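Fold and geometry: a report
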Amino acid sequence: MTPQELVKRALEAQKYAYAPYSGFRVGAALLTAQGKVYTGCNIENKCHTPTICAERTALFKAVSEGETEFLAIAVVGCTRDGVYKRFCTPCGVCRQALAEFCKPDFQIVFGDDSGDYEVHTLSELLPLAFDL
Ligand code: THU
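Notes on the structure in this doc start here. (Residues numbered from 1 in each chain as written. Predicted model: local features only at pLDDT ≥ 70, side-chain atom pairs only at ≥ 80, totals over all residues. Heavy atoms only, no water.)

1. Observations regarding the site of the ligand
Looking at the ligand, there are 13 residues lining it, with Asn42, Glu44, Cys53, Ala54 and Glu55 nearest. A distance of 2.5 Å separates an oxygen atom of the ligand from a polar atom in the side chain of glutamate 44. Taking alanine 54, its main chain carries an N or O atom lying 2.9 Å from an oxygen atom of the ligand. Protein contacts shield 79% of the accessible area of the ligand, which totals 370 Å² for the unbound molecule. When each cavity is represented as a set of grid points, the ligand is found to reside in the second largest pocket. (Near = heavy atom within 4 Å. Polar contact = N/O pair within 3.5 Å; in protein donor to acceptor, adjacent residues only side chain to side chain. Areas by Shrake-Rupley, 256 points an atom, 1.4 Å probe, with all protein chains shown as cover. 1 Å grid on protein atoms, 1.4 Å probe; cavity = no way out; pocket = protein on both sides within 12 Å on 5 of 7 lines; lining within 4 Å. Sits in = over half its atoms within 2 Å of the grid points.)

2. Brief notes about the packing of aromatic side chains
The description of an aromatic ring pair rests on the distance of the ring centres and on the angle between the ring planes. Taken as a whole and assessed by the stated rule, the structure comprises one aromatic pair. Here phenylalanine 87 and phenylalanine 110 contribute two aromatic rings whose centre-to-centre distance is 6.4 Å and whose plane-to-plane angle is 45°, an arrangement assigned as tilted. With phenylalanine 87 in the loop between strand E3 (70-78) and helix H3 (92-99) and phenylalanine 110 in strand E4 (residues 107-111), this pair connects stretches of sequence that are 23 residues apart. Take phenylalanine 87: its relative accessible area is 24%, and that puts it in the partly exposed class. Overall, phenylalanine 110 belongs to the buried group, its relative accessible area being 5%. (Phe/Tyr/Trp six-rings, centres within 6.5 Å; stacked < 30°, edge-to-face > 60°. Helix = DSSP H or I, 4+ residues; strand = E, 2+ residues; numbered from the N terminus. Buried < 20%, exposed > 50% of the residue type's maximum accessible area, 1.4 Å probe, protein only.)

3. Looking at the state of the cysteines
Applying the stated rule across the entire model yields zero disulfides. In this structure cysteine 88 is a free cysteine whose sulfur lies 8.1 Å from that of cysteine 53, the closest cysteine sulfur available. Between cysteine 91, a free cysteine, and cysteine 94, which holds the nearest cysteine sulfur, the sulfur-to-sulfur gap is 3.8 Å. Take cysteine 91: its relative accessible area is 30%, and that puts it in the partly exposed class. (Disulfide = S-S within 2.5 Å.)

4. Considering unusual backbone geometry
For histidine 48, which is not glycine, the phi torsion reads 65° and is therefore positive. Note that histidine 48 resides in the loop between strand E2 (37-41) and helix H2 (54-63). Positive phi outside glycine occurs at leucine 128, with the angle close to 55°. Along the chain, the position of leucine 128 falls in the segment after helix H4 (122-125). According to the relative accessible area criterion, leucine 128 is exposed, its value standing at 88%.

5. Some points on the packing of H2 against H3
Between two packed helices, the angle of one axis relative to the other and the distance separating the axes together describe the packing. In the contact formed by H2 and H3, the axes pass within 9 Å of each other and the chain directions differ by 20°. By the angle between their directions, the pair H2 and H3 is classed as roughly parallel. Here the hand of the crossing between H2 and H3 comes out left-handed. Touching Glu55, Arg56 and Leu59 of H2 are Val93, Cys94, Ala97 and Leu98, all from H3. Across the contact of H2 with H3, the residue classes break down as five nonpolar, no polar and two charged. (Axes fitted to C-alpha atoms, helices over the stretch in contact; angles between N-to-C directions. Parallel < 35°, antiparallel > 145°, perpendicular 65-115°, else oblique. Left-handed = near helix turned anticlockwise from the far one by under 90°. Contact = heavy atoms within 4.5 Å. Nonpolar A, V, L, I, M, F, W, Y, C, P; charged D, E, K, R; others polar.)

6. Description of the side chain of threonine 32
Here threonine 32 lies in strand E1 (residues 25-32). When neighbours within four sequence positions are excluded, threonine 32 is seen to be in contact with Tyr38, Glu67, Glu69, Phe70 and Leu71.

Printed below as a string of structure tokens:
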């Protein structure tokens, strides 16, 4: 699967974003080692703390179905009026959650609706990651 295809899947998942408080709509698409894609969106809550990011929605969906080996994730994020100001990059909590299952060379694709994208690795985004 190409990075562009994975971004397309993230854009499809973004349609389900539940973001009435921030208005920031995020979609993610996580590629397993076997080539399956799990998608996720952000799901906000009026109490704030229960809010979950799109990346962890996708990751937890996958792990809860027995998947533990991953190659890449694509992330897209835009404001409520559909503006992609800059690439949406995973928050620190999501980087740490991904590091639990993904290798340092795991690819993180930032994309938008224009076809532009950038590919980074988990080790770039989470250097000196905590390990036991
Ligand atoms: N959000 C994500 O879903 N993923 C990210 O990588 C960054 C932030 C969500 C959380 C919240 O619903 C909204 O974006 C604004 O922070």
